[in-house]
Structures are given as C-alpha cells and as structure tokens.
Amino acid sequence: MIFSELTAISPVDGRYRDKTEALASCFSEFALIRYRVRVEIEYFIMLTGFLTQLKSLDTNETRETLQRIYLEFSMEDALRVKAIERTTNHDVKAVEYFIKEKFDTLSLQDYKEFIHFGLTSQDINNTAVPLSLKEALREVYYPGLQVVIDVLKGYAEAWKDIPMLAKTHGQPASPTRLGKEIQVFVYRLEQQVTELKRIPMSAKFGGATGNFNAHHAAYPECDWKAFANRFVNDVLGLKREEWTTQIANYDYLAALFDGLRRINVILTDLCRDFWQYISMEYFKQKIKAGEVGSSAMPHKVNPIDFENAEGNLGMANAILTHLSMKLPISRLQRDLTDSTVLRNVGVPLAHIEIALKSLLKGLGKLLLQQEVLSRELDAHWAVVAEAIQTVLRREGYPEPYETLKAMTRTNEGITEQLIVQFIQSLQLTDEVKQELGGITPHNYVGI
C-alpha cells in the first residue's frame, strides 16, 4: 500500500500533514537517524583534538569531510541504516556500523574503532533528542507562536478604546475594554514564553552508567568530565547533566513539557473566549465562497477553527502530561520505557502546530460587531452601581453599598432613567451629583 494522507494512522501525518511538514526535519525517523549520525560524527571530531592517536586527523579538511556525512545525509543513507538495523536489531548500533562503512570509503578504516568510543546508546539518544527539540522550538514553534502573539497585539491596539461589558461568573460586571482583554492574553503568553526559554535543554553524556567507566579504563590520565562538558555545552549547544545513571534524568525535559502545557492552557482559554464572543455575536466571521458550515443548516458559520485549535491543544497536553510524568522515572540505573516514549516527543509539537495554524485562521476571520457591544452596555446600567457606591463611600454617605444593593438587586430592569432618578434622590451636593451623573456603562472602564 502506498503511504499517503489516506493510509496514515495518525492525522498529524495524514490529514494535517501540510500543517506539520516543517516538523518532519526534526522528528521523523529520518531526522532522528540524521541527528544520531551528527552526534557520533561531532564526537569523533572532538576526539581528534583530544587523543594523541587521532591527532593526524585534527585538520579542517578532515573535519569538513566528516561533517559532510551528516550535512549531506540522504534518504538512501537512512535506508542503509535501516537495513543494517534489521540485522543488528539495535538502532544506534546500526548508525555506528553505517559510519564505519563511510570511513571505509574515505580511507579512514584505521580509525573507525574510535566511532562510538566508550559510549552507550543513550549518550547518543539523550543528545540527539534534545538537539532535535531545541531546533524544532527555535525554527518552528517559537516563530509560529510569535505570529499568534503579534496578531493578538494588533487586535489589542486596534480595539483598545472599545468599551465592552465584562462577564464574571457569566453575569454582567464592571465594563472593560475589548483591547485590554486581548492584551491580557498577550501578557500571559509573553510571560510564559520567557519562562520557557529559561529552561536549559539538558543532555546526558557519560558512558554506560554515567561514570565514564570505559573512557577512564582506556585513558585514565584524561579529564573526561571536562571533555564531555565542552562537547555537550559548546559543540552541541546543550547543557550536560553532570550526575546521571545510564540515561538522562529528564527533569529539565519534563519542565520544558510542563512549560509548553501551560502555554497550551492559555491558548485554550483564548480559544474558548473567542468562541464565546462569537456566540454572543460580538464577532461575525468572514465567509469564504464554497465553504459549508453545517451539512444540514445552510445558514451556519461555525467557529470551527477555534474548536479545532482547542481539540489539538488538548491532545498535545495529554501527551505532554505523560511525557513530563513518565520520563523522570526509571527503575534503578535504567529501564527501557523512556526509549519508546521519547520517540513521541514530536507528536505534541505537531498537534500544537496544527492548533496554532487553526487559531491564526480563526483570528483572521473575525469581524467586530461594535454595535452589539454598545447595545449590551446600554442594556446593563446596573453595572455603574459599583462606581456610585464607591464615590458615596468617599463622601462619607451612610451605608452606600447596602443602598445600591437594595436598588439594583431586582428582577426589574435597571435603566438609565432609574439611575438618574436615584442619584437625584441622594443627599449630596450638586457637584457630586453631576459627577455621578457623568458615569455611564460606556465610560466606566477604568484605566
């Protein structure tokens, strides 16, 4: 059967492939193999400047030749690695044998036993995976999220002077400004992005059980800890975990997933608010010729983009929760449960990518119905009661809260006329009455 959108098991590689394509270069099986090859090659290159036996290879020409193995890594190369794996039944060992074959073609066969020297497979996996995550965040996730934030900033500025009835507990509350409510989401997202970027992208690199046993046995005079720190921190651009078992501790990786999940929760909150605003007719949605809103009701234009985004954010968070709760737990010095779980780190990023694109599509369809917001404010004069009773407190008026409560907590409508009559009935100076009379649902919006 030919692989296609119609035969893919997961929608991230089927129905939504066009939205997740950019992540394939970081999280596909091809990408994982290439990252492993990259780590192995860069490790060997660093050894050439560290071990006397390899000094003759410590040249720019040799470095560039070796780096081309992963820089020019092809689908044919990946298929060769998979073919070797069918024999070894070990994915990282297959990468090692593949590079050894390359060394044979480069007349470097005398040095090929220094490939994967002293390492365990997790020294490769626990650097390759965080490296792929780091580059996916930098190249796909952060730019995509920033586009959403920038659109929200534009709306916050455009709507900064538009008054809107607030709803707390679903009930009319002190008015606000539409732009300010959008700015709340901008602020929340920017705060969490800042926190997310502070989390180190950590990696394990220390031999079979984290102690450089084999390295030290072969070259006891070498400072392997300093070597590993330079390699992971400076060459790969990650942060080496100094104390580990055979595998990474995954604590920082868990923190990263928790940070992504928090941002997703904020985006879910945003989706639900806009969904509600649309249902309240604060916004209409742009109509695209040929699109169908309902298979049965031709008049409908459903807020499907916000619903799609919310659903995918939920899928992402379900997986991120498992990743962050499972990965830091491993029996004794290592069990294999992290291996299959790590293969799924790209899945929540794919759902997030789908969500961001759907959210952007939804935001781009919004048509503000300012007259609806205005009518709703006119229909809820009771919301100025807070302002009146607070001014009365300032003036020393007896029991102002109770006075306003008695007047406004009624099933009868509170109109502008009733508010005016109430103000005139108060024992206040004309100046204060004039001040109170100037407060309306449209201008009682705070700072």
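These notes cover the structure that comes with them.

Criteria and thresholds
Residues numbered from 1 in each chain as written. Predicted model: local features only at pLDDT ≥ 70, side-chain atom pairs only at ≥ 80, totals over all residues. Heavy atoms only, no water. Helix = DSSP H or I, 4+ residues; strand = E, 2+ residues; numbered from the N terminus. Rg over C-alpha atoms; globule rule 2.2 N^0.38 Å. Buried < 20%, exposed > 50% of the residue type's maximum accessible area, 1.4 Å probe, protein only. Contact = heavy atoms within 4.5 Å. 1 Å grid on protein atoms, 1.4 Å probe; cavity = no way out; pocket = protein on both sides within 12 Å on 5 of 7 lines; lining within 4 Å. Points joined across faces, edges and corners; volume = space filled by probe spheres on them. Nonpolar A, V, L, I, M, F, W, Y, C, P; charged D, E, K, R; others polar. Axes fitted to C-alpha atoms, helices over the stretch in contact; angles between N-to-C directions. Parallel < 35°, antiparallel > 145°, perpendicular 65-115°, else oblique. Left-handed = near helix turned anticlockwise from the far one by under 90°. Arc of directions from axis to C-beta. Pairing = 2+ DSSP bridges. Core = buried A, V, L, I, M, F, W, Y, C linked by side-chain atoms within 4.5 Å. Phe/Tyr/Trp six-rings, centres within 6.5 Å; stacked < 30°, edge-to-face > 60°. Lys NZ or Arg CZ within 6 Å of the ring centre and 35° of its normal. Salt bridge = Lys/Arg side-chain N within 4 Å of Asp/Glu carboxyl O. Lys, Arg positive; Asp, Glu negative; His and termini not counted. Polar contact = N/O pair within 3.5 Å; in protein donor to acceptor, adjacent residues only side chain to side chain.

### What to know about the overall build of the protein chain
1) Next: Assigned secondary structure in the protein chain consists of 19 helices and six strands.
2) Next: Since a compact globule built from 447 residues should have a radius of gyration of about 22 Å, the 31 Å found for the protein chain marks it as more spread out than a globular shape.
3) Next: Taken over the C-alpha atoms alone, the protein chain extends approximately 100 × 55 × 40 Å along its principal axes.
4) Next: Within the protein chain, the proportion of its 447 residues that are buried is 47%.
5) Next: At a minimum sequence separation of 6, the contacts of the protein chain that also span at least 24 residues come to 77%.

### Side note on empty space enclosed by the protein
1) Next: Enumeration over the complete set of coordinates arrives at two cavities of 30 Å³ or more.
2) Next: If you add up the space inside the largest cavity, you get close to 40 Å³.
3) Next: Lining the largest cavity are Asn-126, Pro-130, Ser-202, Glu-241, Ala-248, Tyr-250 and Leu-253.
4) Next: Considered as a void within the structure, the second largest cavity measures approximately 30 Å³ in volume.
5) Next: In terms of lining, the second largest cavity is formed by Ile-45, Thr-48, Leu-57, Asp-58, Thr-59, Thr-62, Arg-63 and Leu-66.
6) Next: When contributions to the lining of the second largest cavity are tallied by element, the ones reaching two or more residues are helix 3 (29–48) and helix 4 (60–71).
7) Next: Sort the elements by how many residues they give to the lining of the second largest cavity and helix 4 lands first, with three residues.
8) Next: A per-class count over the lining of the second largest cavity returns three nonpolar, three polar and two charged.

### Here we look at the packing of helix 3 against helix 10 (residues 224–235)
1) Next: In contact at an axis separation of 11 Å, helix 3 and helix 10 are set at 130° when each is read in the N-to-C sense. Looking at the two axes, helix 3 sits oblique to helix 10. Crossing handedness for the pair helix 3 and helix 10: right-handed. Mapping the contact onto sequence places Val-39, Glu-42, Tyr-43, Met-46 and Leu-47 in helix 3 and Trp-224, Phe-227, Arg-230, Phe-231 and Val-235 in helix 10.
2) Next: Grouping the amino acids of the contact of helix 3 with helix 10 by side-chain chemistry returns eight nonpolar, no polar and two charged.

### Comments concerning helix 10
1) Next: Of the residues making up helix 10, those classed as buried are Trp-224, Phe-227, Ala-228, Phe-231 and Val-232. Along helix 10, the residues classed as buried sweep out an arc of 115° about the axis, all on the same side.
2) Next: The elements touched by buried residues of helix 10 are helix 3, helix 7 (121–158), strand 3 (202–203), helix 9 (213–218) and strand 4 (239–240).
3) Next: At the C-terminal side of helix 10, Gly-237 shows a positive phi close to 75°.

### Brief notes about the pairing of strand 1 (residues 163–168)
1) Next: Both strand 1 and strand 2 (residues 171–177) contribute to a ladder of five bridges, which runs antiparallel. Bridge pairing in strand 2 links Pro-163 to Arg-177.
2) Next: Count of turn residues in the strand 1/strand 2 antiparallel hairpin: two residues, of which His-169 carries a positive phi of about 60°.

### Points about the nonpolar core
1) Next: Residues Val-37, Tyr-141, Leu-152, Leu-256, Phe-257 and Phe-274 are the most contacted members of the largest nonpolar core, which totals 116 residues.
2) Next: Ranked by residue count, the leading element in this core is helix 7, at 16 residues.
3) Next: Dropping the residues within four chain positions of it, Leu-152 is found in contact with Ile-182, Phe-185, Val-186, Leu-189, Leu-270, Phe-274 and Leu-363.

### Thoughts on the packing of aromatic side chains
1) Next: For the structure shown, the criterion picks out 21 aromatic pairs.
2) Next: Here the aromatic rings of Trp-224 and Phe-227 are separated by 5.3 Å at their centres, their planes lie at 75°, and the arrangement is edge-to-face. Of this pair, Trp-224 and Phe-227 both sit in helix 10, three residues apart, which is roughly one turn of the helix. With respect to class, Trp-224 is no different from Phe-227; both count as buried.
3) Next: Counting every residue linked through ring pairs, the aromatic cluster contains Tyr-43, Phe-50, Phe-114, Phe-117, Phe-205, Tyr-219, Trp-224, Phe-227 and Phe-231.
4) Next: Over the ring of Tyr-35 we find Arg-34, and its NZ or CZ is 5.7 Å from the ring centre.
5) Next: If you follow Lys-225 out to its NZ or CZ, it ends over the ring of Trp-243, 5.7 Å from the centre.

### Some thoughts on unusual backbone geometry
1) Next: You will see that His-116, though not glycine, has its phi angle at about 60°, which is positive.
2) Next: Topologically, His-116 is positioned in the loop between helix 6 (91–105) and helix 7.
3) Next: One non-glycine residue, Phe-212, lies in positive phi territory at about 55°.
4) Next: Turning to its location among the elements, Phe-212 is positioned in the loop between strand 3 and helix 9.

### Digging into the pattern of salt bridges
1) Next: Applying the stated rule across the entire model yields 32 salt bridges.
2) Next: Glu-101 is paired through a salt bridge with Arg-80; the nearest N and O atoms lie 2.6 Å apart. Within this pair, whereas Glu-101 is found in helix 6, its partner Arg-80 is found in helix 5 (residues 75–88), the two being separated by 21 residues in sequence.
3) Next: Take Glu-101: its relative accessible area is 32%, and that puts it in the partly exposed class.

### Quick word on the environment of Lys-405
1) Next: Locating Lys-405 in the fold gives a position in helix 17 (residues 400–408).
2) Next: Assessed through its relative accessible area of 40%, Lys-405 is described here as partly exposed.

### Notes on the side chain of Arg-240
1) Next: Tracing the backbone shows Arg-240 in strand 4.
2) Next: Within the buried core, Arg-240 has no salt-bridge partner, and the shortest N-O distance to an opposite charge, that of Glu-242, equals 5.7 Å.
3) Next: Only 2.9 Å separates the side chain of Arg-240 from the backbone oxygen of Phe-205, close enough to count as a polar contact.
4) Next: Side chain to side chain, Arg-240 and Asn-229 meet in a polar contact 2.9 Å long.

The analysis is restricted to geometry; functional conclusions fall outside its scope.
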